[in-house]
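Observations on the three-dimensional arrangement
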Amino acid sequence: MRAIVIGTGPAGITAAETLRRLDPSGSVVALTTEPFAPYSPPAMADHFLTGRDLPLYWKGQDVADRLGIDERRGARVEGIDTGSREVVLADGQRIAYEGLVVASGSRLHAPLAGADLPGVLDFKSLRTATELIGRVRRGEATSALIVGNGFIGIELSLLLADLGVDVTVIGRRDWVMPRVLDPVSSKVAEAALTSRGVTLRLGVEADAIVGDPSATGVRLADGRLLEADLIVAATGVKPHTEFLIGSGVETGWGIHVDTRLATSVTGIVAAGDVAETTDRLTGERYVHAIFPNAVAQAPIAAANLLGADLRYDGAESMNSLKHLGVPIVAMGTIESPDEVLRWQEGADLRAVYLRDDKIIGAQLAGDIRAAGVYHSLMVQRIPVDRYGRRLVEPGFGMADIVFEALGHGSASRSAA
Ligand SMILES: Cc1cc2nc3c(=O)[nH]c(=O)nc-3n(C[C@H](O)[C@H](O)[C@H](O)COP(=O)(O)OP(=O)(O)OC[C@H]3O[C@@H](n4cnc5c(N)ncnc54)[C@H](O)[C@@H]3O)c2cc1C
């Protein structure tokens, strides 16, 4: 097959790799707006702090040559002509395809007036992150305002604080990372953030990003104006779907795909941050913009493009904060639990959200060893009422599950 992959992020390069492996006599053109070899965005902060190229270039900088992929950098797709099956680039070039993988990812976003002003910075791609960090390194920026306190905004705030920037994070809710952490768990993150020098302004509504000709500040709903050298709008991510307008590919927030990751147009599949898939637990359509979803979807999408009939189980919500000093893992949802079990000692914390006696979400800080067990119980939808409060107590682990399954009660109770 003559295939084109739009994007060389984790989803795109994994799709291109799969196409080369399954169809060695076919051809793969991989297009990216980036000037860089395929990289892993979660490794960017480490790269900027340490200068290390690994794990940033997670597949090796020579991955395209090694696999025989025709990788074209700085190639922006502006449209898809689904009638003639051609991808149209910004320079007017048209490239014909038989099968197309859209893996164009997402960018940081905030639904605010002024969010598209020049000078509003992004940290979602290595190109935009290099521009942002370059301003700090050149001494052009000593202060930053980040509107939004999701995982990426928080990760960026830590990086900037480590680089000596005076950082303020503005959040509408009263606690950080409100989509995945509850107000109790987020206290651990907030303590770590403030001890690292990040200023948190929570429970504050940003009204608009302002500046002329480029962004210099954020006006709050109460009329106050905060100013800084760097302005980042990061309340969420927005999938890159603009080039699909008029193509017939159905989109909502992201690209609508079915369980085979096929779009509404024959011969076009989608994977990664750009794809609006169903949530594995709730069945709701959602863009879960995380690395494991991207690399799980890409091989399925690519194989199906070549004629396979693989099904995708659905996306997961799972986040971990790597640079806080205290490890934090959050998975699933905190919406509408029947019960929340919680255990905490200082910065060591476990909170498990239950509905119908099954785990629908969990948050761990400090000792995060139980994360794998919670995850497994959650995705397999195993009832957990038999464990009672032990579920969140120190030491709960796979051994408890095995002992219980063998009819011996919990491991530690048996040992006692
Ligand atoms: C700072 C940071 C930290 C993160 N930490 C974590 C983490 O700890 N754990 C986790 O699971 N996830 C994390 N993520 C999220 C994770 O990086 C993404 O889910 C993942 O990168 C998605 O991969 P993707 O290939 O779908 O999209 P992207 O990585 O966004 O790649 C998109 C690709 O499409 C290309 N593209 C876009 N538009 C066009 C166009 N018009 N024409 C041509 N090419 C185009 C881009 O150039 C790029 O090559 C983090 C992200 C960031 C930014």
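Residues numbered from 1 in each chain as written. Predicted model: local features only at pLDDT ≥ 70, side-chain atom pairs only at ≥ 80, totals over all residues. Heavy atoms only, no water.

When its secondary structure is counted, the protein chain shows ten helices and 26 strands. Based on the C-alpha atoms only, the size of the protein chain along its principal axes is roughly 70 × 55 × 35 Å. By residue count, 54% of the 416 residues in the protein chain fall in the buried class. Within the protein chain, counting contacts between residues at least 6 apart in sequence, those at least 24 apart form 60% of the total. By element, 50% of the accessible surface of the protein chain is carried by carbon and sulfur atoms, the whole surface being about 17,500 Å². Side-chain charges of the protein chain comprise 41 positive and 52 negative groups, with the mean position of each set lying 2 Å from the other. (Helix = DSSP H or I, 4+ residues; strand = E, 2+ residues; numbered from the N terminus. Buried < 20%, exposed > 50% of the residue type's maximum accessible area, 1.4 Å probe, protein only. Contact = heavy atoms within 4.5 Å. Areas by Shrake-Rupley, 256 points an atom, 1.4 Å probe, with all protein chains shown as cover. Lys, Arg positive; Asp, Glu negative; His and termini not counted. Charge placed at Lys NZ, Arg CZ, Asp CG, Glu CD.)

Turning our eyes to something else, we now look at the packing of helix 4 (residues 126-137) against helix 5 (residues 151-162). What describes two packed helices is the angle between their axes and the distance between those same axes. Packing of helix 4 against helix 5 leaves a shortest axis separation of 11 Å and a crossing angle of 25°. In this view, helix 4 runs roughly parallel relative to helix 5, as classed from their interaxial angle. Seen from above, helix 4 lies across helix 5 with right-handed handedness. Taken together, the residues of helix 5 that come into contact with helix 4 (itself represented by L132, I133 and V136) are L156, L159 and L160. (Axes fitted to C-alpha atoms, helices over the stretch in contact; angles between N-to-C directions. Parallel < 35°, antiparallel > 145°, perpendicular 65-115°, else oblique. Left-handed = near helix turned anticlockwise from the far one by under 90°.)

We now examine unusual backbone geometry. Omega for the bond connecting L54 with P55 falls within 30 degrees of zero, at 10°, which places this linkage in the cis form. By the secondary structure assignment, P55 is in the loop between helix 2 (44-50) and helix 3 (63-67). Cis geometry marks the peptide bond from D212 to P213; its omega dihedral reads 5°. Position of P213 among the secondary structure elements: in the loop between strand 13 (206-210) and strand 14 (217-220).

Here the focus is the domain arrangement of the protein chain. Looking at the protein chain, the domain boundaries give domain 1 (2-105 + 240-305), domain 2 (108-236) and domain 3 (326-415). Measuring from the centre of the C-alpha atoms in domain 1 to the corresponding centre in domain 2 gives 28 Å. Taken together, the contact pairs 18 residues of domain 1 with 15 residues of domain 2. Both faces combined, the contact of domain 1 with domain 2 buries some 1,300 Å², and carbon together with sulfur accounts for 65% of it. For domain 1, the biggest contributors to the area lost against domain 2 are M44, F48 and L49; these three give 41% of the whole. At the junction of domain 1 and domain 2, the tally comes to two salt bridges. (Domains from an automatic or database assignment. Buried area = accessible area lost by both parts, 1.4 Å probe. Salt bridge = Lys/Arg side-chain N within 4 Å of Asp/Glu carboxyl O.)

Sheet architecture is open: five strands sit in the order 9-16-10-11-12, paired in parallel fashion. Bordering the open sheet on either side are strand 9 (120-121) and strand 12 (199-202), each of which pairs with just one other strand. Both strand 11 (residues 166-171) and strand 12 contribute to a ladder of four bridges, which runs parallel. Bridging from a neighbouring strand, G171 pairs with L202 of strand 12. (Pairing = 2+ DSSP bridges.)

On to the site of the ligand, then. Residues in contact with the ligand amount to 36 residues; listed here are only the nearest, A11, T33, V77, D273 and K322. Between the ligand and the protein, one listed contact pairs an oxygen atom with a side-chain N or O atom of T32 at 2.9 Å. Calculation on the ligand without its partners gives an accessible area of 1,000 Å², and the protein chains cover 93% of this total. Secondary structure elements with two or more residues in the shell around the ligand: helix 1 (10-22), helix 5 and helix 7 (291-305). Considering only residue class, the shell around the ligand consists of 18 nonpolar, twelve polar and six charged. For the shell around the ligand, the two domains that each supply at least three residues are domain 1 (2-105 + 240-305) and domain 2 (108-236). (Near = heavy atom within 4 Å. Polar contact = N/O pair within 3.5 Å; in protein donor to acceptor, adjacent residues only side chain to side chain. Nonpolar A, V, L, I, M, F, W, Y, C, P; charged D, E, K, R; others polar.)

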